[in-house]
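Remarks on the overall topology
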Amino acid sequence: MELNALYYLIPSLIMFACGVYGFITRRNMIAMLISLELMLNSVDMNFVVFNRFLFPGQLDGMFFTLFAIAIAAAETALAIAIVVNVYRANNDIDVRDICKMKF
Amino acid sequence: MESLGSIISYVVIALAIVIFSILAVTTRKILRAATYLLFALFATAAVYFKLDYEFLGGVQIAVYAGGIVVLVVFAILLTTHPGDNSERLASRSRRLGLVAGLAALAAGAYSLLTRCELLVKAPEMSNPDMDTIGTAMLGSGHGQYLLPFEAVSVLLLACIIGGVVVARKR
Amino acid sequence: METSAILILAIPLLMFLFLGLAGKYLPHKWAGILGTLGMGVTMVLAYTVAFEYFFSGNSLFIDADGNRLQHVVFNHDWLNFYDKLSIRLGFLLDPISAMMLVVITTISFMVHLYSNGYMRDHHGVWETGFQRFYAFLSLFSFSMLGLVVATNIFQMYIFWELVGASSYLLIGFYYTKPSAVSASKKAFIVTRFADLGFLIGILVLSFYVGFYSDGNITDAFTFTSLTSVPVDGVADTFQVSEGTAQVIRDLFQNSAAPMFMGASVLTWALVLIFMGGMGKSAMMPLHIWLPDAMEGPTPVSALIHAATMVVAGVYLVARLFPLYLMAPAALDIITVVGALTALYAAMVACAQIDIKRVLAFSTISQIAFMMVSLGVTRLDHSVALGHEVHEGLGYMASMFHLFTHAMFKALLFLGAGALIHAIGSNDYTAMHGLRKYMPITHITFLVGCLAIAGIIPFAGFFSKDEILTACFGHSTVWAIWMALVAGLTAFYMFRLYFLIFWWKEHKVHDEHHAPHDQPWTMTLPLVILAVVSVFAGFVPFGSLVTWNGHPITGSGFLTNLENLNWSVAAISLIIAIVGILIAMKMYKKENPLPEKMRNALPALWDWCHHRFYWDELYQFITHRIIFGLVCRPIAWFDRHIIDGTMDAFAAVTNKASYAIRGFQSGNVHMYVWIYLIGAVLLATVTMICVL
């Protein structure tokens, strides 16, 4: 048995599907954020796997993942700042309660 | 032909990814969800190590598992009252979520399986050493990443300021 | 020399900037003293420069045969458009610019000095905006000086507009008074409209020079080249070099060739340029701004409307005179316009009540004298009443009259200012019999009146006599016409004089508040200008200022007296004295004669008093015809079609936004779904396309 790219991509795909499911079903903003991280992570993993199996001589996929991690960190920090702010305003972080900014 | 140890470790990692991902999105306790996310991220880091990207695996653990998850946990502790469970999902909403997740799964699986012959290929393992990574990150030539590096650093600065401004007490 | 030249322009400009920016923080008194000192220094520098030009005998300024030369002190590229057109700013010294430097700085200094006294009330309280007033005066002096020393037509145009703008500021100085605001707007709009002609004239000339002849526009419009255009064999002394002269000759002969509506393009361009001059010099029918501009403070009237701005038109024609000589039709138009304006203004001046209005119309009339004098100048030898007339006499006479008129008209305006300041009204019916109360003002005003009436030996006599001689040399009709206008001038000036100082005794209600002479800052300029008005006639202009630099008379002190054409002089003297005598008969003592005259010719009085209804005509044309028939349909089109189209766009956008704003529900899960469906669709489409 040989571990080819498919063996790594399928768990990643399942992880992504879980992220989609969680993002749609969850009402809690932090839980949605967690689902988002799952999706992002599975994509990162795909980059690495493709880099390793298809273009082993290059480092592009790895760097893409590296920068994506940095950007994810930034995005999470900001998102959590917003969540805390929303909590302060609503005393709640349910996503259905933050439609005050519509229109 | 893979060694038995390698196969066993693969099975463990793959199972961890699948199980912890599912648990992270189905548990009703938000703090547990964060913990499962942490484990899923660790499993991902293990994949990186297994694929011989040690630096990346380190970054994954340090930044993702060490930074982001801690941040998430803090936020949870700040915004959740102890003992809170998220409400039970209405079956309609869960069905919709399942449909969407399965649709994503199906689309991904279809595109993977139709390109199977491209992917069936033996890996060439080689761990990029720190010298190579550092040169590639801070060089400005072809296949080097100084400009994105700088852009990301400015973005991080903007994020720090933005986070301070948004969460500041008024 | 170059330093003085730069300083002459720089001091007023810097003074304007300084007083304009920092004046608010200065005490009133110091702002006045500073402004006056600045102008005094400028005046001294201008005198040195002019003295050096006329009398030093330097070979830069005068050649071995005694011909005066043009000298460019400096000339820098300012805007470089392309190799054939660059606009330069510089300093040109020639007889007329040197003469104008003296005139402008003298009058400006007198006005600066005089305003120290005039711009406050009887209790010594300063007018609001006193510092601003001095800043504007400096700006005006700067622009006028820049105009006269212009080395090329573009520089002249730039400063020409600057003069218009600064006169707008000065006329509208009392901007809280609606009449002053509308007067300043009127002055600006009318002169600006006239400047349109100037601009088009320049453009037409440059078009023909630049495109038809493939010549160098910059060179063509440099005055030193313009004056070297040789006219029919007459020596061209100002010539810079034979080569340039040849180029210019070719250029303008080419541009003279194309015809448009029966006249050459050169003639058209020159007439259009003269239109600019008509606006600034208040020639009919563009004179309407000047009487209204009397709303400004009286020193401003003296500066702008007596001595400097209004002669800019005369100066413009004199500057381009060699070109005008190539288009005699344009000169004929100038003569006709000038003669009509002179008569019209003199008639109107006889029927005005406001003393500043009388002086305003008298100014228009005298400027018209200068225009006529330029218009009748031809370079053929002619004969006037038995004496030979020197070629180019009219040009000299015009400049001479400009010089003397500046002096005595400034004197009259400043005298009128002193009267108004003492009485508090512009109306002569409030004055009457002031001679005992204000002796200095009385004597100096009398000197001014004698000078403008043309009584020997006052300044106006000599210059007016030269003008009449030049007219006789060209055409007897115009000469007699102008002689009559000169008689009318004497009449209306003395009518004003007698009505102010004689007529009947002044009624004084309270000894303490009796009118009296003004403080020294106001009387000193009067005395100085009166002395100048007495003696200015003896300046040997014929040897100093001529159109081509050739002296036409000797340079002794009594030259003007010796060279008099006595038959012309006798005519003008007799007419002037008759005018004065009639005025004396009618207005010296209170009597019913003027009333009878008015009742005998009611229509004439009405027309003159209402200035021949020019303002009403303009009102009719602008309001009824332009606003009513032209602008209203355009406004309708703009409001309903242009604006309507834009409003329709806005309305559509607005409606559409309202219609789709429901999509912006704020419900995050809805967004997620929409995004997801879109992404899946996109993926499907891509997959289908790839497979």
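Looking only at helices and strands, one finds three helices and zero strands in chain A. For chain A, the residues scored as buried account for 60% of the 103 residues in total. Taking contacts inside chain A between residues at least 6 apart in sequence as the whole, the part at least 24 apart equals 58%. Counting only carbon and sulfur atoms, one obtains 69% of the accessible surface of chain A, whose full area is about 3800 Å².

All right, on to the interface of chain B and chain A then. When the parts of a complex come together, some accessible area is lost, and that lost area is often taken as the interface size. The interface is formed by 84 residues belonging to chain B together with 70 residues belonging to chain A. Surface buried jointly by chain B and chain A totals about 7000 Å² across both partners, of which 75% is contributed by carbon and sulfur atoms. Contact with chain A buries area across many residues of chain B, yet B:Val25, B:Tyr53 and B:Tyr64 alone supply 9% of it, more than any other trio. Counting across the chain B and chain A interface gives zero salt bridges. If you look at where chain B meets chain A, you find ten residue pairs in polar contact (both at pLDDT 80 or more). The class makeup of the residues in the side of chain B that touches chain A is 57 nonpolar, 17 polar and ten charged.

All right, on to the confidence of the model for chain C then. Residues and elements named next belong to chain C. With 87% of its residues at a pLDDT of at least 70, chain C reaches an overall mean of 81. Segment residues 233-245 is flagged for pLDDT under 50; beyond a separation of four residues in sequence, or across chains, it makes 32 contacts in the model. Interface scoring of the predicted complex returns ipTM 0.90; its pTM is 0.69.

Ranked by size, the top nonpolar core spans 215 residues in total, and within it C:Phe91, C:Leu101, C:Tyr324, C:Met399 and C:Ile500 carry the most contacts. Among residues more than four places away in sequence, those in contact with C:Ile500 are C:Ile355, C:Leu419, C:Tyr428, C:Met431, C:His432, C:Gly433, C:Leu434 and C:Phe445. The next biggest cluster of nonpolar side chains, apart from the first, holds 80 residues, and it includes A:Met29, A:Tyr87, B:Ile13 and B:Val59.

Right, let's get into the environment of B:Val59. Mapped onto the elements of the fold, B:Val59 is located in helix H3 (residues 54-79). It is 8.6 Å that separates the C-alpha atoms of B:Val59 and B:Ala45, two residues lying 14 residues apart in sequence. Ignoring any residue separated from it by four or fewer positions in sequence, one finds B:Val59 in contact with A:Leu66, A:Ile69 and B:Tyr64.

Let's shift gears to the interface of chain C and chain B. The interface of chain C with chain B comprises five residues on the first partner and five residues on the second. For the pair chain C and chain B, the summed buried surface comes to about 490 Å²; carbon and sulfur atoms form 84% of the total. Joining chain C to chain B, the criterion identifies zero salt bridges. In this structure, the connection of chain C to chain B is made through zero residue pairs in polar contact (both at pLDDT 80 or more). Among the residues making up the side of chain C that touches chain B, the classes are represented as five nonpolar, no polar and no charged.

Here we take up the pattern of salt bridges. Residues and elements named next belong to chain C. One pass over the structure, following the stated rule, counts six salt bridges over all chains. As a salt-bridge pair, aspartate 195 and lysine 280 come within 3.7 Å of each other at their nearest N and O atoms. Residue aspartate 195 is located in helix H6 (residues 178-212), and its partner lysine 280 is located in helix H10 (residues 265-280); the two are separated by 85 residues in the primary sequence. Accessibility expressed as a relative area gives 1% for aspartate 195, which makes it buried. Residue classification places lysine 280 among the buried positions, given a relative accessible area of 0%.

Residues and elements named next belong to chain C. On inspection of all chains with the given rule, the structure shows 30 aromatic pairs over all chains. Centre to centre, the rings of phenylalanine 133 and tyrosine 134 are 6.1 Å apart; their planes meet at 90 degrees, and the pair counts as edge-to-face. As far as burial versus exposure is concerned, phenylalanine 133 and tyrosine 134 are alike and both buried. Residues phenylalanine 461 and phenylalanine 462 carry aromatic rings whose centres are separated by 5.1 Å and whose planes lie at 75 degrees to one another, so their mutual orientation is edge-to-face. Residue phenylalanine 461 shares its accessibility class with phenylalanine 462, and that shared class is buried.

Definitions and cut-offs
- In this numbering scheme, every chain counts its residues from 1 along its sequence in written order.
- Chain letters and ligand numbers both follow the written order, the letters beginning at A and the numbers at 1.
- Note on the predicted model: pLDDT of at least 70 is required for a residue's local features to be given, and 80 or more for side-chain atom pairs to be given and counted; whole-chain, interface and lining totals, by contrast, use all residues.
- By convention in this description, side-chain values take in all heavy atoms of the structure and omit both hydrogens and water.
- Elements are defined by DSSP. Helices are runs of H or I of four residues or more, strands are runs of E of two residues or more, and each kind is numbered from the N terminus.
- Buried, partly exposed and exposed residues are distinguished by accessible area as a fraction of the type maximum, computed with a 1.4 Å probe on protein chains only: under 20%, between the cut-offs, and over 50%, respectively.
- When checking whether two residues touch, look at their non-hydrogen atoms; a contact exists if any pair is within 4.5 Å.
- Computed with the Shrake-Rupley method and a 1.4 Å probe, the accessible areas treat only the protein chains shown as cover for residues.
- Put simply, buried area is how much 1.4 Å-probe accessible surface two parts lose in total, over both of them, once they are put together.
- Salt bridge, as applied in this entry: a Lys or Arg side-chain nitrogen positioned within 4 Å of an Asp or Glu carboxyl oxygen.
- Polar contact is the term for a pair of N or O atoms within 3.5 Å; when the atoms are in protein, one must be able to donate a hydrogen and the other to accept it, and sequence-neighboring residues count only if both atoms are side-chain atoms.
- Throughout this entry, Asp, Glu, Lys and Arg are counted as charged residues, while Ala, Val, Leu, Ile, Met, Phe, Trp, Tyr, Cys and Pro are counted as nonpolar. The remaining residues, Gly among them, count as polar.
- For every residue, the predictor reports its confidence as pLDDT, a number between 0 and 100.
- Each nonpolar core is a collection of buried residues, namely Ala, Val, Leu, Ile, Met, Phe, Trp, Tyr and Cys, held together in the definition by side-chain atoms within 4.5 Å.
- Stacked, tilted and edge-to-face pairs are distinguished by plane angle, under 30 degrees for stacked and over 60 for edge-to-face with tilted covering the rest, among Phe, Tyr and Trp rings (Trp via its six-membered ring) whose centres lie within 6.5 Å.

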